[in-house]
Amino acid sequence: MNDPSEASREASSQHPKGVVMKFGGTSVEDAAAIRRLCKLVERSSPHRPVVVVSALAKVTDQLMNAGWAAAAGSLDSAREILQVLRRRHETVASGLAKGEERRRLSREFATEFKALDKMLLTIASEKALTPRSQDSLLGVGESLSSKLVQCALRSAGITATLVDARECIVTDAAHTRATPLWEETNERLQAVLLPLLESGRVPVMGGFVGATRDAIPTTLGRGGSDFSASIVGAGVHAQRIEIWTDVDGIMTADPNLCPDARRVPRMSFDEAADLAYFGAKVLHPATLVPAMRSNIPVWVLNSRNPGCAGTEIVAHCEGDGVKAVTAKRGVAIVDVEPVRWFAPELLREVFDVFERHQHSLDLLSASRGSLALLVSSVSALPAIADELKGMAHVRWENHKALVCLVGEQVRRRPELASQAFRAIGDIDVRMICQGASERNISFLVDESRAEEAVQRLHRSFFLHSEPAMEQDASQAMCQAEGAWQ
Ligand code: ASP
Ligand code: MG
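Residues numbered from 1 in each chain as written. Chains lettered and ligands numbered in written order. Predicted model: local features only at pLDDT ≥ 70, side-chain atom pairs only at ≥ 80, totals over all residues. Heavy atoms only, no water.

Within the protein, the secondary structure is distributed over 15 helices and 16 strands. At 24 Å, the protein has a C-alpha radius of gyration in line with the 23 Å of a compact globule built from 485 residues. Seen along its three principal axes, the alpha-carbon backbone of the protein occupies a region of about 75 × 55 × 45 Å. Within the protein, contacts between residues at least 6 apart in sequence are counted, and of these 77% link residues at least 24 apart. (Helix = DSSP H or I, 4+ residues; strand = E, 2+ residues; numbered from the N terminus. Rg over C-alpha atoms; globule rule 2.2 N^0.38 Å. Contact = heavy atoms within 4.5 Å.)

Next up, the structure:
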């Protein structure tokens, strides 16, 4: 990966800085949510906001369902899904705009839905939803929402300009999980966004999407709008990146599991990246990479509770305790036992085989006798085992979870590991990984015990062994929605 920030750093000395405001699906789910968004953008207007939006809540899933239905030959049910989507967008539009603005939006929707229908026809005729057609299909969700939001902002008296993210975010052709080509992306972002910011306009663009050099639409992976916000922020060297969601910030644990989870006011990029990687759904795991390289602070904020200070993610953050507990489910442990002895060549071969099968490895621990690997999918393991035959025996066990304690320097404080053991010692811990980083200790347990392990650890580290306290129900519900499912 080349450096996302180089080009932007150069530009930043001559150009005004902005603030990237990214609104997730629930922050644009209906007219009321979009009106809240407009107020937040208006309040930030002196700081030159760039607005990045997700598709309306659940729209991406529905587009996916339409694609699958078309591929399976049920064009009628696919079209029904489109109709429902169209009605929903029209309803939201009616709650936001009137007169000519409203009519303009309807015309734009007509064009988008005509294009969607054509895509479904192609998918049906190919009898398959290819990664490439999936990207074209899903990206329309963000195109629709960005049009709605631009229209709403204009109706609220804010001079908003629609920017097509597919013309700014240039990616490789790895459909469904594309990576930006940083230099070109930064150049285009600056060329398009900086003049708008200088003239006091508010650019509005869809997250999640990009396009190849040949203008073929791509996506950055599910949940990728956070990543878009960070790419845009690094591209224009923004002052800060705000991720507006429906929880009060990053929490000490999944509030669905631990209703007494608390907001973490401040954490480091590394801690937040570890948390995202180890299962916390509040941020897309790649989000922090561009922000971190350009050293731009990222804030996670609640659009339904804007008075709450949220979580600030910065380069360095004092405090050496545990910041949060999380669990990554659906993990399998793979034992690689050498047929003869454990030679360095075996390690190389193992990595090569996994790479050839495009199978990513999560964690690894090696001892003289064998190698233990953690993976999050077992699909390629039979083929991998076959290739290693003669060198090693490969066995695996499914349905494990990696329960993880994250905090700067947790590993430097052995008493934290003993405290964790006291809390979950009677749960069968299959493996303890002190990770590649200093910031986490993780425990491999059966998936069925993961919930209990998280709850007990959370109680031990955050509630000082007090029994869980009753919490204000509305607050718990607000925290529990969406971001951590
Ligand atoms: N709409 C996309 C998704 O649901 C991207 C995002 O919301 O971040 O995955
Ligand atoms: Mg998200």
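This brings us to the packing of helix α4 (residues 75-94) against helix α5 (residues 99-126). Contact pair α4 / α5: the axes reach a minimum separation of 11 Å and the direction vectors enclose 165°. Relative to α5, the element α4 is oriented roughly antiparallel. Judged by the twist between their axes, the crossing of α4 over α5 is right-handed. Mapping the contact onto sequence places Leu75, Ala78, Arg79, Leu82, Leu85, Arg86, His89, Glu90, Ala93 and Ser94 in α4 and Arg102, Leu105, Ser106, Phe109, Ala110, Phe113, Leu116, Asp117, Leu120, Leu121 and Ala124 in α5. Its residues placed into classes, the contact of α4 with α5 shows 13 nonpolar, three polar and five charged. (Axes fitted to C-alpha atoms, helices over the stretch in contact; angles between N-to-C directions. Parallel < 35°, antiparallel > 145°, perpendicular 65-115°, else oblique. Left-handed = near helix turned anticlockwise from the far one by under 90°. Nonpolar A, V, L, I, M, F, W, Y, C, P; charged D, E, K, R; others polar.)

Below, the discussion takes up the sheet that holds strand β3 (residues 160-163). Taken together, eight strands build an open sheet; the order of strands is β3-β4-β2-β1-β7-β9-β10-β8 and the sheet is mixed. Only two strands of the sheet have a single neighbouring strand rather than two, namely β3 and β8 (266-268). Ignoring strand direction, the axes of neighbouring strands in this sheet form an average angle of 20°. Sheet topology places strand β2 (residues 49-53) next to strand β4 (residues 202-206); three bridges connect them, and they run parallel. Each bridged residue has a counterpart across the sheet, and for valine 52 the counterpart in β4 is methionine 205. (Pairing = 2+ DSSP bridges.)

Along the chain, the position of arginine 412 falls in the loop between β14 (392-406) and α13 (414-424). On the accessibility criterion, arginine 412 (52% relative accessible area) is exposed. Sequence separation between arginine 412 and glycine 321 is 91 residues; the distance between their C-alpha atoms is 9.9 Å. (Buried < 20%, exposed > 50% of the residue type's maximum accessible area, 1.4 Å probe, protein only.)

What the rule picks out here adds up to four aromatic pairs. Centre to centre, the rings of tryptophan 182 and phenylalanine 227 are 6.3 Å apart; their planes meet at 70°, and the pair counts as edge-to-face. Placement of tryptophan 182 in helix α7 (residues 182-198) and of phenylalanine 227 in helix α8 (residues 225-235) is noted, with a sequence separation of 45 residues between them. Given the relative accessible area of 1%, tryptophan 182 is considered buried. The class for phenylalanine 227 is buried, based on a relative accessible area of 7%. Ring centres 5.1 Å apart and planes at 85° place the aromatic pair tyrosine 277 and phenylalanine 278 in the edge-to-face group. The class for phenylalanine 278 is buried, based on a relative accessible area of 5%. Seen from the ring of tyrosine 277, lysine 328 lies directly overhead, with NZ or CZ sitting 4.3 Å from the centre. (Phe/Tyr/Trp six-rings, centres within 6.5 Å; stacked < 30°, edge-to-face > 60°. Lys NZ or Arg CZ within 6 Å of the ring centre and 35° of its normal.)

Moving on to helix α2 (residues 31-43). The end-to-end C-alpha distance of α2 is 18 Å, a good match for the 18 Å that 13 residues give at a rise of 1.5 Å each. Where α2 is concerned, the buried positions are Ala31, Ala33, Ile34, Leu37, Cys38, Leu40 and Val41. (Expected span 1.5 Å × (residues − 1).)

What follows deals with the site of ligand 1. Residues in contact with ligand 1, as listed here, are Ser54, Thr60, Glu142, Phe208, Arg222, Gly223, Gly224 and Ser225. One of the side-chain N or O atoms of glutamate 142 is found 2.7 Å from a nitrogen atom in ligand 1. For ligand 1, whose accessible area on its own is 260 Å², the fraction buried by protein is 86%. Of the residues assigned to the shell around ligand 1, the class counts are one nonpolar, five polar and two charged. (Near = heavy atom within 4 Å. Polar contact = N/O pair within 3.5 Å; in protein donor to acceptor, adjacent residues only side chain to side chain. Areas by Shrake-Rupley, 256 points an atom, 1.4 Å probe, with all protein chains shown as cover.)

Let us look at the side chain of glutamate 90. Inspection of the secondary structure assignment puts glutamate 90 in helix α4. One polar contact links glutamate 90 to arginine 102, side chain to side chain, over a distance of 2.8 Å. Every residue in contact with glutamate 90, bar those within four places of it in the chain, is listed here: Arg102, Ser106 and Phe109.

This paragraph deals with unusual backbone geometry. Despite not being glycine, arginine 48 shows a phi value in the positive range, around 55°. If you trace the backbone, arginine 48 turns up in the loop between α2 and β2. Unusually for a residue other than glycine, phenylalanine 208 sits at a positive phi of about 75°. Take phenylalanine 208: it is sitting in the loop between β4 and β5 (209-211). The buried category is assigned to phenylalanine 208, whose relative accessible area is 4%.

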